[in-house]
Amino acid sequence: KTTLIDYPGEIASIVFTGGCNMRCPMCHNADVVLHPGQYPCIADEYILAYLDECQKKITGIVLSGGEPTLSPALEPFLRELRKRPIKIKLDSNGLKPDVLEYLFNENLVDFIAMDIKAPPEKYDLLSGVPIHMNLIQRSIDLIRSSGLPYEFRTTVVPNHLRPEDILAIGTWLHGAERYALQQFHPKHCLNPDFDRLSPYPAKVLEEMKTSVEPHFETVVLRGV
């Protein structure tokens, strides 16, 4: 009901949608991705009533997952949210650029965060499925030209993403507004083998942050 870390600058609530079109081995929402039916479905009316009750406290809402752009309920829910004085953030993996473009054109999003799994040559490895990189690139371009506040972010998976990979992402996204490096946490990963990985020390993430700072307006570390 309350999160201080998922929407920059806002006190937010977060809603998770079930199902995803990626199978990222490091994903810690594995059951939301693979077995969403095991969770109770929270009615829109309940969420909206809570937000109405907490208008003075909750200033933002985050739609995350899973992958929200797969849900046919996303648009009508966003339209209900738009009737309220609350800021809307959408988290996405970028595989549905047509949906993103529509939501942007309809003014249904205030902030967009897109996961960048890896540099292009490693994308399949860390997305867990074959990826059409033209879809990823189109989403990146749409976000950068949307006029909305936005964030690209990468979970730094030890051994699989090295300093040179993070620098390659920086070069790829050069000039973007905001980039977040997220610490990997080996807990309930979609691929159980990843639970045995040891996260990079904070010092290594600090060095990665320093290396990519020339490519972005703002670079932040998260979860360190």
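The coordinates are above.
I will try to describe carefully the structure that is included in this document. All figures in this text were calculated on a predicted structure; none of them were measured in a lab.

1. Description of the overall build of the protein chain
Scanning the protein chain for helices and strands turns up 8 helices and 7 strands. Scaling as 2.2 N^0.38, a compact globule of 224 residues should have a C-alpha radius of gyration of about 17 Å, and the protein chain matches this with 17 Å. For the C-alpha atoms alone, the extent of the protein chain along its principal axes is close to 45 × 40 × 35 Å. Out of the 224 residues in the protein chain, the part that is buried amounts to 49%. Look at the contacts in the protein chain between residues 6 or more apart in sequence, and 73% of them connect residues 24 or more apart. About 10900 Å² of surface is accessible on the protein chain, with carbon and sulfur atoms providing 54% of the total.

2. Notes on a nonpolar patch on the surface
There is a patch of nonpolar side chains on the surface, built from Leu4, Ile5 and Ile11 and spanning about 320 Å² of accessible area. Relative to the assigned elements, Ile5 resides in the segment before strand S1 (12-16).

3. A few points about helix H8 (residues 202-212)
Every buried residue belonging to H8 is among Leu205, Met208, Lys209 and Val212, and all of these are buried. Mapping the buried residues of H8 onto a view down its axis gives an arc of 100°, with all of them on the same face. Seen from the buried face of H8, the exposed residues on the opposite side, beyond 90 degrees, are Lys203 and Thr210. Packing partners of the buried residues in H8 comprise strand S5 (150-156), helix H7 (163-172), strand S6 (176-183) and strand S7 (216-222).

4. Notes on the pairing of S7
Looking at chain direction, S6 and S7 are connected through 6 bridges and run parallel. Residue pairing across strands places Gln182 opposite Arg222, the latter belonging to S7.

5. Describing the packing of aromatic side chains
Tallied over the full model, the rule gives 4 aromatic pairs. Between Tyr179 and Phe216, the ring centres sit 4.6 Å apart and the planes meet at 15°, which makes this aromatic pair stacked. Taken as a pair, Tyr179 in strand S6 and Phe216 in strand S7 lie far apart in primary sequence, 37 residues in all. Of the two residues, Tyr179 and Phe216, both sit in the buried class.

6. Focus on the pattern of salt bridges
A complete count under the given rule lists 18 salt bridges for this structure. Here Asp52 ties to Arg84 by a salt bridge, and the two come within 2.7 Å at their closest N and O atoms. Taken together, the residues Asp52 in helix H2 (residues 44-53) and Arg84 in the loop between helix H3 (74-81) and strand S3 (87-92) connect sequence positions 32 residues apart. For Asp52, a relative accessible area of 35% corresponds to the partly exposed category. Among the salt bridges present, the one from Arg138 reaches Glu101, with a minimum N-O distance of 2.7 Å. Linking Arg138 in helix H6 (residues 133-144) with Glu101 in helix H4 (residues 97-105), this pair joins segments that are 37 residues apart in sequence. A relative accessible area of 31% places Arg138 in the partly exposed class. If you follow the salt bridges from partner to partner, you end up with Lys89, Asp91, Asp115, Lys117 and Arg153 in one network.

7. A short note on the environment of Thr3
Locating Thr3 in the fold gives a position in the segment before S1. C-alpha separation for the pair Thr3 and Gly60, spaced 57 residues apart in sequence, amounts to 9.5 Å. For Thr3, the residues in contact, after removing those within four places along its chain, are Glu10, Ile11, Ala12, Ser13 and Ile14. A polar atom in the side chain of Thr3 sits 2.5 Å from the side chain of Asp6.

8. Notes on the sheet that holds S7
Strand order in the open sheet formed by 7 strands is S1-S2-S3-S4-S5-S6-S7, and the pairing between neighbours is parallel. Single-partner strands in this sheet number two, and they are S1 and S7. Each strand axis lies, on average, 20° off the axis of its neighbour in the sheet, ignoring direction. Examined bridge by bridge, S5 and S6 share 5 bridges and lie parallel to one another. Counterpart to Phe152 in the pairing with S6 is Tyr179. Contacts between H3 and the sheet are confined to strand S2 (60-64) and S3, with S2 contributing the most and set at about 175° to the helix.

9. Considering the pairing of S6
The buried count for S6 comes to 7 of 8 residues, which makes it a mostly enclosed element. This β-α-β element, S6 to H8 to S7, shows right-handed connectivity.

Conventions used here
- Residues numbered from 1 in each chain as written.
- Predicted model: local features only at pLDDT ≥ 70, side-chain atom pairs only at ≥ 80, totals over all residues.
- Heavy atoms only, no water.
- Helix = DSSP H or I, 4+ residues; strand = E, 2+ residues; numbered from the N terminus.
- Rg over C-alpha atoms; globule rule 2.2 N^0.38 Å.
- Buried < 20%, exposed > 50% of the residue type's maximum accessible area, 1.4 Å probe, protein only.
- Contact = heavy atoms within 4.5 Å.
- Areas by Shrake-Rupley, 256 points an atom, 1.4 Å probe, with all protein chains shown as cover.
- Patch = residues over 30% accessible without salt bridge, like charges linked within 9 Å, V, L, I, M, F, W, Y side chains within 5 Å.
- Salt bridge = Lys/Arg side-chain N within 4 Å of Asp/Glu carboxyl O.
- Arc of directions from axis to C-beta.
- Pairing = 2+ DSSP bridges.
- Phe/Tyr/Trp six-rings, centres within 6.5 Å; stacked < 30°, edge-to-face > 60°.
- Polar contact = N/O pair within 3.5 Å; in protein donor to acceptor, adjacent residues only side chain to side chain.
- Axes fitted to C-alpha atoms, helices over the stretch in contact; angles between N-to-C directions.
- Right-handed = clockwise from strand over helix to strand, strands pointing away.

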